[in-house]
Every structure is written in structure tokens, then in C-alpha cells.
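Inside the fold
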Amino acid sequence: MTETVVRTDDLTRRYGTRAAVDGVTIEVRRGEVYGFLGPNGAGKTTTLRMLLGLVRPTAGTATVLGRAPGSADALRRVGALVEGPGFHPYLSGRDNLRVLARYRGLDDRAADAALDRVDLADRGGDRFRAYSLGMKQRLGVAAALLGDPDLLILDEPTNGLDPAGMAAMRTLVVDLAAGGRTVLLSSHLLAEVQQICHRVGVVAGGRLLHEGTVDELRGGAVLEVRATPLPAALRVVSRFGDVVEAADEHGRPVLTVPADGVDVPELARHLVTDGVDLHALVVRERALEDVFLAMTGVS
Ligand SMILES: Nc1ncnc2c1ncn2[C@@H]1O[C@H](COP(=O)(O)OP(=O)(O)OP(=O)(O)O)[C@@H](O)[C@H]1O
């Protein structure tokens, strides 16, 4: 059975007359990596802060693990990396974590296990100030993991990292979810969300534009057919689905039909038997990026 871990209902936060978050309704389910995707200023951080009880909604409601955001019960089971945690620059990564663990009534072993989990055990004795940005971010995730939370909330966890650091963070997130945790992360990077998230909520200008799986968002693949003469090609292709007739960047006609369930060799055979010259037949996936740009109008 699907269990809801986070639910928001018309969640809204206004600053003055401007809504940073405007009627957002999302559902995050147990065990998934949920991507909250949107350009800068879309309202992602404000939403995550409301889920942690750091910002009070102007309107609407939210529950986190069935409880009120920010309540002691909810916070005990949530780990977050929303604004960089306040690490001491002159303490080692390990000692920083041990200090945080003690604040939470946990022992040193919990800190060491978290360090190990983010693959920093080898460098645990180095001072925090000597860490690369990627290591600092991973230490932030380790801090979020203290207390073994069911839900991790990560605000732009790969922001500012180099490609290797980003890849390491993505692998870590996927592994954490595979271990049974739920991860809610925000990102403005479509490729990233496409790679690691099960479901996505797309936001822009404070509003939720769409929520669904990456595949649902993208829609099915299409078959592109370039063939002449066009009327005969159109007749054949329309037997296989609802055809859309368009032109490519050179003004040449392209017929597209939803690829789902179409027997491609069969389509090719029909075109040839009907005396149509087939120039190209391509299956094209819509990239999430195309969909996103169409939705947000942001480039
Ligand atoms: N405390 C505040 N006072 C006034 N305006 C705010 C405050 N916090 C956020 N905003 C505004 O609300 C909007 C959404 O900000 P938010 O930080 O939630 O967006 P975001 O999607 O996380 O973007 P980014 O990736 O740039 O952090 C922005 O226009 C921001 O300027």
C-alpha cells in the first residue's frame, strides 16, 4: 500500500503582497525520491522550510509523517539539509558530527556511522575548513542522517558541486532511498531530476505546474516519419494512430504518431507496399527539458 510521507494542501506563503508559494498541493510517498523542480525563485526553499516548521504558512496545510511540520514528533524522524548546517571550521568533520550527535542525545557511534554512510570516514579527521565543497555537502547529509530519519529533505544538494561531486551526491541519494528512506529534494537541474527521481513536482512562480512520474511528465515517445508523397504517407501513418503533421526547421514535412503500441517494421512495410518513399523513421523520446521549458517558459 502506498503510504504518504509528506502531504501539502494549497500551501501558501506570502511576503507582503507577493506569494513565494502559491497554493501548492503535493504528495511524497514512502520510499521514493521526490524531486521538487523549478527555476531560481520558484518557491522551493520556502516550501521545504514550511515542511520543517521554519516558516509558517500564510494559508493551506501540510503534514510530515502524519504530523504537524516542526512538531517534535515529526522532527525526530526527519533529517534536513536546507541551509548549510553550522559546522565549526577548526573542528574535524568527525568531531563536528559528534558534537551534533550529542546535542541530539546520540553517542559517538551514531556520528561515526553517519560519516561512514556518506563515504567520509577516511577524511573524518581533517578539519572542516580543509574540505572541498562536495565533502562539506556530504558532511551536511551525514548530519541530516543522525538519528536514522525516515525522511530526508535536501535543498539543492548538488548546488555548486563539480561534476564528480554531483555524481557522488546523486549516488548517495539513490543508495539512501534504496535503503528504504524517503528523500525529498529540490533542484533546478532537469537532467539530475530525470536521473534519480521517481516522481517530480514542477514549480515556477510559486505555483505547482505539474506532479507525476518522470515518464508521465515527459509523455510517451513519438514516431517521426519523413516520407513522400505526403498525402499517401499520411493515409498509411494515420492507420497507426492520431497523426500530427508538422514541419522541421527546414520546412520539410514530418509526421508524428504516438509510438506506444506501434509495430514499427509493420508501419515501414505498409508505407513501402503503398508506394511511399520512406526517408526516415525515428523513435523520439521527449526530454524532460522540452516539457519543462514548455511548462515554465523559462530558459
Ligand atoms: N523572507 C523572505 N522575505 C521576502 N521574500 C522572500 C523571503 N523568502 C523568500 N522570498 C521570496 O520568495 C520567492 C521564492 O523564494 P525561494 O527561496 O523559496 O525560491 P527557490 O525556488 O528556493 O529559489 P532558489 O533556488 O533561488 O533558492 C523569491 O522571490 C524570494 O525572493
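Predicted, not measured: the structure shown is a model, and the values here were computed from it.

Thresholds, definitions, all that
Residues numbered from 1 in each chain as written. Predicted model: local features only at pLDDT ≥ 70, side-chain atom pairs only at ≥ 80, totals over all residues. Buried ≥ 20, exposed ≤ 12 C-beta atoms within 10 Å, placed from the backbone. Helix = DSSP H or I, 4+ residues; strand = E, 2+ residues; numbered from the N terminus. Pairing = 2+ DSSP bridges. Contact = placed C-beta atoms within 7 Å. Axes fitted to C-alpha atoms, helices over the stretch in contact; angles between N-to-C directions. Core = buried A, V, L, I, M, F, W, Y, C linked by C-beta atoms within 7 Å. Domains from an automatic or database assignment. Parallel < 35°, antiparallel > 145°, perpendicular 65-115°, else oblique. Left-handed = near helix turned anticlockwise from the far one by under 90°. Nonpolar A, V, L, I, M, F, W, Y, C, P; charged D, E, K, R; others polar. Expected span 1.5 Å × (residues − 1). Arc of directions from axis to C-beta.

So, the pairing of strand S7 (residues 151-155)
Of all five residues making up S7, five are buried, and the element is well covered by its neighbours. Because side chains alternate across S7, one face comprises the buried residues Leu 151, Ile 153 and Asp 155, and the other comprises Leu 152 and Leu 154, equally buried. Judged from the four bridges that link them, strand S6 (residues 78-81) and S7 form a sheet pairing that is parallel. Within the sheet, the bridge partner assigned to Ala 80 lies in S7 and is Ile 153. In this structure, S7 lies alongside strand S8 (residues 182-187), joined through five bridges in parallel fashion.

Comments concerning the environment of Thr 158
Within the secondary structure, Thr 158 sits in the loop between S7 and helix H6 (163-178). Expressed as a C-alpha distance, the spacing of Thr 158 and Ala 72, which sit 86 residues apart in the sequence, is 28 Å. Thr 158 has contacts with Met 166, Met 169, Arg 170, Leu 189 and Glu 192, leaving out every residue within four places of it along the chain.

Quick word on the sheet that holds S7
As summarised here, the arrangement of the six strands in space is S6-S7-S8-S4-S9-S10, forming an open sheet in which the pairing is mixed. The open sheet has two edge strands with one neighbour each: S6 and strand S10 (207-213). Each adjacent strand pair in this sheet contributes to an overall mean axis angle of 15°, direction not counted. The strands touched by helix H1 (residues 44-51) are strand S4 (33-37), S7, S8 and strand S9 (199-204); relative to S7, the strand with the most contacts, the crossing angle is about 150°.

Re the nonpolar core
Membership of the largest hydrophobic core comes to 62 residues, with the highest contact counts inside it found for Ala 142, Ile 153 and Leu 184. In this view, Leu 184 contacts Val 6, Val 28, Tyr 34, Phe 36, Leu 151 and Ile 153; residues no more than four positions away in its chain are not counted. By size, the runner-up hydrophobic cluster in this structure holds eleven residues, among which are Val 222, Val 225, Val 237 and Leu 255.

A few points about the domain arrangement of the protein
Under the domain assignment, the protein is made up of domain 1 (4-217) and domain 2 (219-293). Distance between the C-alpha centres of domain 1 and domain 2: 42 Å.

Quick look at the sheet that holds strand S13 (residues 253-258)
What the four strands build is an open sheet, ordered S12-S13-S11-S14; its pairing is antiparallel. Each of the sheet's edge strands pairs with one partner strand only, and the pair in question is strand S12 (244-247) and strand S14 (277-284). Averaged over all adjacent pairs, the angle separating strand axes in this sheet is 25°, with direction ignored. Sheet topology places strand S11 (residues 222-228) next to S14; seven bridges connect them, and they run antiparallel. Looking across to S14, one finds that Ala 227 is bridged to Leu 278. Of the strands in this sheet, S11 and S14 touch helix H10 (residues 264-273), which is tilted by about 160° from S14.

Topic: the packing of helix H3 (residues 93-103) against helix H4 (residues 108-117)
Helix-helix packing: each pair is described by the crossing angle between the helix axes and the interaxial distance. Between H3 and H4, the least distance of the axes is 8 Å, while the angle of their chain directions is 130°. Looking at the two axes, H3 sits oblique to H4. Read as a crossing pair, H3 and H4 show a hand that is right-handed. Mapping the contact onto sequence places Gly 93, Arg 94, Leu 97, Arg 98 and Ala 101 in H3 and Asp 108, Ala 110, Ala 111, Asp 112, Ala 114 and Leu 115 in H4. Split into classes, the residues belonging to the contact of H3 with H4 amount to six nonpolar, one polar and four charged.

Some words on helix H5 (residues 133-145)
For H5, which comprises 13 residues, the first-to-last C-alpha distance of 18 Å matches the rise-based estimate of 18 Å (1.5 Å per residue) to within 8%. Residues of H5 that are buried include every one of Gln 137, Arg 138, Leu 139, Gly 140, Val 141, Ala 142, Ala 143, Ala 144 and Leu 145, and no others. Against the buried residues of H5 lie S6, H3, H4, S7 and H6. Among the residues trailing H5, Gly 147 stands out with phi positive, at a value near 85°.

As for helix H9 (residues 230-237)
Restricting attention to buried positions, one finds in H9 the residues Ala 233, Val 236 and Val 237. The buried residues of H9 all sit within an arc of 90° when viewed along its axis, so they share a single face. For H9, the elements touching its buried residues are S11, S13 and H10.

A short note on the pairing of strand S2 (residues 18-24)
Where strand S1 (residues 4-15) and S2 come together, four bridges link them in antiparallel fashion. Across the sheet, Arg 14 pairs through a bridge with Ala 19, a residue of S2. Where S1 folds back onto S2 in an antiparallel hairpin, the turn is made up of two residues, including Gly 16, whose phi is positive at roughly 65°.

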